[in-house]
Amino acid sequence: MQIPFVDLKAQYARLKPEIDARIQRVLDHGQFIMGPEVRELETALASHSGARHAVGLSSGSDALLVPLLASNIGRGGAVFLPSFTFTATAEMILLAGATPVFVDVDAQTFNMDPLDLDRKIKRVAAAGDLVPRAVIAVDLFGLPADYAKIGVIAKQHNLLMIADAAQSFGADAAGRMVGTLAEVTAISFFPAKPLGGYGDGGALLTDNDELAALYRSVRSHGQGEDKYDIVRLGLNARLDTLQAAILLAKLGVFTDEIASRRKLADYYDARLTQYLTTPVRVEGANSAWAQYTVQCDDREALRTALGKAGIPTAIYYPRPMHLQPAYAAWGDGEGSLLVSEALAGRVLSLPMHPYMSEETAELICRAVIEAVSR
Ligand SMILES: *Cc1c(COP(=O)(O)O)cnc(C)c1O
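We now turn to the structure provided with this report. (Residues numbered from 1 in each chain as written. Predicted model: local features only at pLDDT ≥ 70, side-chain atom pairs only at ≥ 80, totals over all residues. Heavy atoms only, no water.)

Another aspect to go through is the layout of surface pockets. Of the volumes computed, that of the largest pocket is approximately 470 Å³. Looking at the largest pocket, it is lined by 25 residues, and the ones nearest its centre are Phe 86, Gln 167, Ser 188, Phe 190 and Lys 193. Every element with two or more residues in the lining of the largest pocket is listed here: helix 3 (60–70) and helix 4 (87–95). Among the elements that take part in the lining of the largest pocket, helix 3 stands out by supplying three residues, more than any other. Here the residues of the lining of the largest pocket are counted per class, giving twelve nonpolar, nine polar and four charged. Residues from two domains meet in the lining of the largest pocket; each of domain 1 (8–251) and domain 2 (254–372) gives at least three. The volume enclosed by the second largest pocket comes to roughly 390 Å³. (1 Å grid on protein atoms, 1.4 Å probe; cavity = no way out; pocket = protein on both sides within 12 Å on 5 of 7 lines; lining within 4 Å. Points joined across faces, edges and corners; volume = space filled by probe spheres on them. Helix = DSSP H or I, 4+ residues; strand = E, 2+ residues; numbered from the N terminus. Nonpolar A, V, L, I, M, F, W, Y, C, P; charged D, E, K, R; others polar. Domains from an automatic or database assignment.)

Printed below as a string of structure tokens:
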């Protein structure tokens, strides 16, 4: 028997009537670009998160690029990001023409280390050849970054605070939902994310009226008053109507799905904490549990044993961004960000989705315990 890492089929079986009807409605009205479902989803996302505005976009990656373009953060600007993240965070900074400055992460939360951020900002400011412009903190595996500290540092230095919440929509911290924890929040609807579509998609969330208007312009080629009034450099970065329709159906059960993910994480914790390093719990924060990621000394042995038992695992991420060949020129090489480098060699993500039975969870736990007790 092969256990799925993420079970989209079980979700579709649950939501088939709603999803099929939503898709059919789009096929009937035929407004495939910026149809009414896009605005309907934006309103629903804003109300779900408590953010004033949601702007639907073509991907989570574009949701990182759009705010940089909209605020003219490019050549000569420094953008600070954690090195232990998905490629897109670094990639979009470079595509905007800005310079990525890699920051180390906290060994427990895997998220941006505020002390190292402060150090890196001061170093860039002192060197004088780049102007610090923005911070992109990442909510890795669904756990919100420490915005209470990072947001204050960003404000002190007058930097745009962007949350890369591609993995954390549905999470909360200090009683506030993701979408309201940073000035600007980028989310992704890649199929395997907690709120995933059936293709690419993303959104920006913000309370700032001016920024929201800019993001709407940038996503449609920088248009002004109308389609042929081009007032700034933009992109084709619109969310497809079909994806918006599918996401509207999925949003109806999203809170319930997050609760199921939390239940599974609690189960894993209860069974596994005495055998290996399970994810940290942060006071006042609730993860969206995009991933359940453990740490162990002999990762390859555990991964091989689980693979033989039909249990898929994933390594997010095997190499930090400052050591990726494409980005190494902007980093300080091996030994410069020790926590990120150590985590890349130790992390292993277990199957995580809202449709796992307790029997399957127990089977996975037993296989993990057996493998690490050998
Ligand atoms: C998935 C992801 C992205 C990119 O999202 P896409 O929708 O795939 O473009 C960006 N940052 C992080 C941390 C991600 O996990």
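And the narrative resumes.
Now for the site of the ligand. Taken together, 16 residues lie around the ligand, and Ser 61, Asp 164, Gln 167, Ser 188 and Lys 193 are the ones closest in. The contact in question runs from an oxygen atom of the ligand to an N or O atom on the side chain of Ser 61, over 2.5 Å. Side-chain polar atom of Gln 167 to an oxygen atom of the ligand: 2.7 Å apart, as the coordinates give it. Calculation on the ligand without its partners gives an accessible area of 380 Å², and the protein chains cover 94% of this total. A majority-of-atoms criterion places the ligand in the largest pocket. (Near = heavy atom within 4 Å. Polar contact = N/O pair within 3.5 Å; in protein donor to acceptor, adjacent residues only side chain to side chain. Areas by Shrake-Rupley, 256 points an atom, 1.4 Å probe, with all protein chains shown as cover. Sits in = over half its atoms within 2 Å of the grid points.)

The subject of this paragraph is the side chain of Ser 287. In this structure, Ser 287 sits in the loop between strand 10 (285–286) and strand 11 (292–295). By relative accessible area, which is 8% here, Ser 287 ends up buried. Polar side-chain contacts of Ser 287 include one of 2.9 Å to the backbone nitrogen of Trp 289. If we skip the residues at most four places from it in the chain, Ser 287 touches Phe 141, Gly 142, Leu 143, Ala 171 and Arg 262. (Buried < 20%, exposed > 50% of the residue type's maximum accessible area, 1.4 Å probe, protein only. Contact = heavy atoms within 4.5 Å.)

What follows concerns the packing of aromatic side chains. Following the criterion strictly, the structure yields nine aromatic pairs and no others. Consider the rings of Phe 169 and Phe 254, whose centres lie 5.6 Å apart with planes at 15 degrees: the pair is stacked. One end of the pair, Phe 169, is in the loop between strand 5 (160–164) and strand 6 (172–173); the other, Phe 254, is in helix 9 (residues 254–272), with 85 residues separating them in the sequence. Comparing Phe 169 with Phe 254, the two get one shared label, buried. By way of ring pairs, the aromatic residues Phe 84, Phe 86, Phe 110, Phe 141, Tyr 316 and Tyr 317 are connected into one cluster. (Phe/Tyr/Trp six-rings, centres within 6.5 Å; stacked < 30°, edge-to-face > 60°.)

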